[in-house]
Amino acid sequence: MREHAVVIAGGGPTGLMLAGELALAGVDVAIVERRPNQEVVGSRAGGLSARTLEVLDQRGVVDRFLAEGQIAQVTGFAVTRLDISDFPTRHNYGLALRQKHIERILAGWVGELPVTTYRGRELTGFAQDDTGVTIELSDGFKLRAGYLVGCDGGRSLVRKIAGIAFPGWDAATSNILAEAEMEEEPPLGVHRTVLGLHAFGREEYEIRDGKVVFASEGPINVMVTEKTAGAMAKPTLSDLRQALIETCGTDYGIHSLRWISRFTDMSRQAEAYRKGRIFLAGDAAHVHSPVGGQGLNTGVQDAVNLGWKLAQVVKGISPESLLDSYHAERHPVAARVLRTTMAQVAVQRTDDRTEALRDIVLELLAMDEPRKKIAAEMSGLAIHYDLGEGHPLLGRRMPDLDLTTPDGPLRVYALLRNARAVLLNFGTPGSLDITPWSARVHSVNTSYNGAWELPALGAVSAPAAVLIRPDGYVAWVGEGKPDGLHEVMTTWFGAPAEAG
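Named according to an unreviewed UniProt entry, the chain is FAD-binding domain-containing protein originating from Rhizobium leguminosarum bv. trifolii. Quoted verbatim from the Cofactor (unreviewed entry) field of the UniProt record, the comment on the chain reads "FAD".

Written as structure tokens, this is what we have:
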């Protein structure tokens, strides 16, 4: 039996990001992944949102993704593009990049860190006790960990064995996804019929002036809505042909299937994200329609919220009670994601009444204020953790400002590269004494003379100081006095260290 502080079941984007966060914090972490390599078969997520790009920027790796993806205004609601180019962020756009590339780049980063990966094996069972979790793998090998995190997808075995309920809504719509050859060239792009949406494309594409331009050769990627939802078995080429004929009147001579899968608008969320020493993140904690592209992004941000908290408890800095804030903060975020995806599925229906509703929604989203509100939510930039009353920054993402420091100019996000908390003091140098936490929180005397602006909210007053958690969210705002700072430090970063 081999021991680790934390074991992660599942090496997809959420599991990889969590492993990276824990490794940065100096925690012994291992991933159990059933795939022999990082290869992704089929079509899954297709991009990164503005807030996820910010999160990757906080860790100093965003350029790896930007180098391979295509920057575009990909934020949207249903089939409506929402321009965020006027948002106050360095990443006022989304990134079109297929999941297979996202995973490969993340795995490359994690490979540079001290992370153990058990490939070609699956978790088959576990038992937790007062001191840890004993984990059984498919090859008979056993692991022992202080904590187990299920990042093992919508059918999560970790969630099922832990006995965590997964309430929600069954599928009302079903779509087949596939890649195959076609004897006839279909009309590339997204189309609407009385049965729903269908689309044709190719693996290789460019985004020109906000429009997708597909390669002229190669196999065809297909998405088609099925006439009825509820089929459980893996779809076949025959199922795909039937769906195409029902929707398009022809199957375009489809043949030579490369892969095929099905997705639905089933929407479910784990009742609890934590049960003792067991946690859930990503699709194991929440599933929904892929419309809007929020699934992968929500999972990666789950990981960044949980990682630093779990690290502090593992290292004995914080009490176990800190871990309860993971569910308290992330469960409402995913609940809102379920709500927005269900709404988008609803306005994509093709009956006359829904067409009328969609026209009204489009009129509203063409107005500036509704556009900013919904776009901030869909891009992840509007996330607000309830940390009490106070300055608008409290509980929101810290803007990536260009600071002036004694060591020269510095970006805020550059201070977060090692996943450590930061206290920025814009007032009198040395006026905020955090000596008992100096090993855990990086204190910086700085100045900033520009505007303070938040997405959708607009301009806010300049604070005298801000305490930024390792995940980039503001835990405390100073208004010229140190009131409450030490209490907040204790809440998030443990009891003060004794002198000497």
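All right, on to the overall build of the chain then. Check the secondary structure of the chain and you find 11 helices and 31 strands. Computed over C-alpha atoms, the radius of gyration of the chain comes to 24 Å, within 12% of the 23 Å expected from 2.2 N^0.38 for 500 residues, which places it in the range of a compact globule. Seen through its C-alpha atoms, the chain measures out along the principal axes to roughly 80 × 60 × 35 Å. Across the 500 residues in the chain, those meeting the buried criterion constitute 53%.

Read across the sheet, four strands follow the order β27-β26-β30-β31 without closing on themselves; strand pairing throughout is mixed. Both outer strands of the open sheet, β27 (441–445) and β31 (474–478), are each paired with one neighbouring strand and no more. Neighbouring strand axes in the sheet, compared pairwise and without regard to direction, differ in orientation by 15° on average. With four bridges connecting them, strand β26 (residues 421–425) and strand β30 (residues 465–468) associate as antiparallel partners. For Val422, the partnering residue across the bridge sits in β30 and is Ile468.

In space, the three strands of this open sheet follow the order β3-β7-β4, with antiparallel pairing throughout. The open sheet is flanked by β3 (47–48) and β4 (70–72), the only strands paired with a single partner.

Moving on: the domain arrangement of the chain. Accessible area lost upon the coming together of the parts serves often as the stated size of an interface. What the domain assignment lists for the chain is domain 1 (2–168 + 268–379), domain 2 (173–264) and domain 3 (396–493). Across the boundary between the two partners, domain 1 contributes 19 residues, which contact 17 residues of domain 2. Seen at the junction of domain 1 and domain 2, the total is three salt bridges. Here Glu203 makes a salt bridge to Lys100, at a shortest N to O gap of 2.9 Å. Run the count over domain 1 and domain 2 and you get eight residue pairs in polar contact (both at pLDDT 80 or more). Its residues assigned to classes, the side of domain 1 that touches domain 2 shows seven nonpolar, seven polar and five charged.

Moving on: the packing of helix α2 (residues 50–58) against helix α7 (residues 295–314). Their axes nearest at 9 Å, the elements α2 and α7 cross at an angle of 35°. Seen from above, α2 lies across α7 with left-handed handedness. Seen from α2, the contacting residues are Arg51, Thr52 and Val55; seen from α7, they are Asn297, Val300, Gln301 and Val304. Tallied by class, the residues present in the contact of α2 with α7 amount to three nonpolar, three polar and one charged.

Attention shifts here to the nonpolar core. If you look at the biggest cluster of nonpolar residues, it comprises 88 residues, and the most contacted ones within it are Val6, Ile8, Phe65, Ile135, Leu148, Val149 and Leu467. If you tally residues by element for this core, the top one is α7, at nine residues. Not counting the four nearest positions on each side in its chain, Val6 is found in contact with Leu22, Val27, Asp28, Val29, Ala30, Ala145, Tyr147, Val149, Leu310 and Val314. Val412, Tyr413, Phe426 and Ile468 belong to the second-largest nonpolar core, a separate cluster that totals 20 residues.

Counted under the stated rule, the structure contains 35 salt bridges. Taking the shortest distance from any N to any O, the salt bridge between Glu54 and Arg51 comes out at 2.7 Å. Of this pair, Glu54 and Arg51 both sit in helix α2, three residues apart, roughly one helical turn. The pair formed by Glu54 and Arg51 is uniform in burial state, with each residue classed as buried. We note a salt bridge from Glu329 to Lys309, for which the minimum N-O separation is 2.9 Å. Taken together, the positions of Glu329 in helix α8 (residues 324–347) and Lys309 in helix α7 put the pair 20 residues apart, joining distant regions of the chain.

For Ser289, the location among the structural elements is in the loop between β23 (286–287) and α7. You can call Ser289 buried: its relative accessible area is 6%. Not counting residues up to four positions away in its chain, the partners in contact with Ser289 are Thr264, Asp265, Met266, Thr341 and Val345.

Conventions and cut-offs
Residues numbered from 1 in each chain as written. Predicted model: local features only at pLDDT ≥ 70, side-chain atom pairs only at ≥ 80, totals over all residues. Heavy atoms only, no water. UniProt positions renumbered as here; feature names shortened; annotations may be inferred. Helix = DSSP H or I, 4+ residues; strand = E, 2+ residues; numbered from the N terminus. Rg over C-alpha atoms; globule rule 2.2 N^0.38 Å. Buried < 20%, exposed > 50% of the residue type's maximum accessible area, 1.4 Å probe, protein only. Pairing = 2+ DSSP bridges. Axes fitted to C-alpha atoms, helices over the stretch in contact; angles between N-to-C directions. Domains from an automatic or database assignment. Contact = heavy atoms within 4.5 Å. Salt bridge = Lys/Arg side-chain N within 4 Å of Asp/Glu carboxyl O. Polar contact = N/O pair within 3.5 Å; in protein donor to acceptor, adjacent residues only side chain to side chain. Nonpolar A, V, L, I, M, F, W, Y, C, P; charged D, E, K, R; others polar. Left-handed = near helix turned anticlockwise from the far one by under 90°. Core = buried A, V, L, I, M, F, W, Y, C linked by side-chain atoms within 4.5 Å.

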